[in-house]
Amino acid sequence: MGNLLCLVQVDQSTVAIKESFGKFDDVLEPGCHCVPWIFGKQLAGHLTLRVQQLDVKCETKTKDNVFVNVVASIQYRALADKASDAFYKLSNTKAQIQAYVFDVIRAFVPKHNLDDTFEQKNEIAKAVEQELEKAMSAYGYEIVQTLIVDIEPDEHVKKAMNEINAAARFRMAATEKAEAEKILQIKRAEGEAESKYLSGLGIARQRQAIVDGLRDSVLGFSVNVPGTTAKDVMDMVLVTQYFDTMKDIGASSKSSAVFIPHGPGAVREVANQIRDGLLQGSATT
């Protein structure tokens with residue numbers, strides 16, 4: 001019915017190309033238009049003004065001879081004021097864009113190593129966008145944005161890279177573990193040294209307390225029991241200490257056997273040895 005009345009409808013975000021006897025005549029904006037076909041007017045076609053996306057996968061080789069697949073996402077659209085150029089000058093817009101993307105990526109990536117390629121992903125996208133902008137503007141298209149969405153090396157290369165990364169992390173973990181063990185050993189040694197130092201102080205204080213107690217016992221016994229000498233008191237104290245020691249050995253739950261001489265002569269010999277040691281110590285001091 002519209003064709004009979006010479007009326008055509010152009011949808012939103014779309015323009016129509018009108019020809020007169022096969023020659024470009026006008027660009028029709030969205031809305032309703034009269035195209036009198038009886039006077040040689042006709043629509044050559046429609047052109048969308050929406051942003052379109054083209055994903056391009058390009059295989060190339062890096063400077064260190066690693067083959068990678070670079071995936072670029074190109075967002076583009078036709079310009080309304082250059083609709084005639086966009087409609088007539090290019091027969092296959094996507095193939096044209098793909099050719100330029102291949103050219104730029106295969107010129108950029110071989111100049112860099114694999115690691116540098118990953119780091120300079122934005123530089124690749126910028127180079128592709130600049131080249132496409134210069135080329136496609138002459139055909140009535142605008143490059144909205146260019147993204148490098150993926151850089152995928154060969155599976156064997158990816159496996160080797162993961163193994164290198166894992167080895168580096170294992171080495172770092174081993175270093176940290178060794179450092180932690182070193183700190184533990186140092187702290188343990190410091191603790192043992194401090195413990196031995198405090199143990200030595202305790203033993204010294206214990207011996208000092210024993211000497212002070214023996215001295216007080218000797219003096220007190222000599223005063224309270226007339227006629228006794230310091231030697232008699234010392235012999236009695238030593239005998240008491242001797243029997244206390246024997247009782248402690250007998251009360252021990254351990255199964256170790258200790259053989260020591262026992263008898264009056266043995267007690268006297270022990271007392272003489274202790275007395276001689278005390279006298280020698282007094283003489284040296």
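Notes on the structure follow. Bear in mind the structure is a predicted one, so any value in this text is a computation, not a measurement. (Residues numbered from 1 in each chain as written. Predicted model: local features only at pLDDT ≥ 70, side-chain atom pairs only at ≥ 80, totals over all residues. Heavy atoms only, no water.)

On the basis of which strands lie adjacent, the open sheet formed by three strands has the order β6-β7-β8 and antiparallel pairing. With partners counted over all chains shown, the strands left at the sheet margins are β6 (52-61) and β8 (141-153), one partner each. Looking at each pair of strands side by side, their axes are set apart by 20° on average, direction ignored. With 11 bridges connecting them, strand β7 (residues 67-78) and β8 associate as antiparallel partners. When the bridges of β8 are listed, Q75 appears paired with Q145. Relative to the sheet, helix α2 (residues 93-108) contacts β6, β7 and β8, its axis offset from that of β6 by approximately 35°. Its contacts with the sheet place helix α4 (residues 121-136) against β7 and β8, and it is angled at close to 145° to β8. (Pairing = 2+ DSSP bridges. Helix = DSSP H or I, 4+ residues; strand = E, 2+ residues; numbered from the N terminus. Axes fitted to C-alpha atoms, helices over the stretch in contact; angles between N-to-C directions. Contact = heavy atoms within 4.5 Å.)

Attention now goes to the pairing of strand β3 (residues 23-28). In this sheet, β3 lies alongside strand β2 (residues 14-20) in antiparallel orientation, the contact comprising five bridges. Within β3, the position partnered with S20 by the bridge is K23. With antiparallel pairing between neighbouring strands as the criterion, β2 and β3 make up a hairpin whose turn holds two residues, including F21 at a positive phi of roughly 55°.

On to α4, then. Helical geometry note: an α-helix holds 3.6 residues per turn, so side chains three or four residues apart project in the same direction. A rise of 1.5 Å per residue sets the reference length of α4, with its 16 residues, at 22 Å; its end C-alpha atoms lie 22 Å apart and thus fit the reference within 8%. Among all positions in α4, only I124, A125, V128, L132, A135 and M136 are buried. Buried residues of α4 fall within an arc of 100° about the axis and therefore sit on the same side. Facing away from the buried side of α4 by over 90 degrees, the exposed positions are N122 and K134. Looking at the buried positions of α4, the neighbouring elements they touch are β7, α2, α3 (114-119) and β8. (Expected span 1.5 Å × (residues − 1). Buried < 20%, exposed > 50% of the residue type's maximum accessible area, 1.4 Å probe, protein only. Arc of directions from axis to C-beta.)

For the coordinates displayed, the defined rule picks out six salt bridges. Between K41 and D25 there is a salt bridge, with the nearest N and O atoms lying 3.4 Å from each other. On the criterion of sequence distance, the pair formed by K41 in strand β5 (residues 41-48) and D25 in strand β3 is long-range, its members being 16 residues apart. According to the relative accessible area criterion, D25 is partly exposed, its value standing at 31%. Across the pair D85 and K89 runs a salt bridge whose closest N-O atoms are separated by 3.8 Å. The class of D85 is partly exposed, set by a relative accessible area of 24%. (Salt bridge = Lys/Arg side-chain N within 4 Å of Asp/Glu carboxyl O.)

This brings us to the pairing of β6. Where β6 meets β7, 10 bridges bridge the pair, whose relative direction is antiparallel. Counterpart to C58 in the pairing with β7 is V70. In sequence, β6 turns back onto β7 through a hairpin of five residues, with N65 there showing a positive phi of about 60°.

Before going further, it helps to examine unusual backbone geometry. The phi angle at S13 is positive, at roughly 60°, despite the residue not being glycine. On the accessibility criterion, S13 (27% relative accessible area) is partly exposed. Of note in the backbone geometry, F21 takes a positive phi value of approximately 55° without being a glycine. By the element assignment, F21 lies in the loop between β2 and β3. A relative accessible area of 69% places F21 in the exposed class.

Secondary-structure assignment places E129 in helix α4. Take E129: its relative accessible area is 27%, and that puts it in the partly exposed class. With 18 residues separating them in the primary sequence, E129 and L147 have C-alpha atoms 8.7 Å apart. Once residues within four sequence positions are removed from consideration, E129 is found in contact with I143, V144, Q145 and T146.

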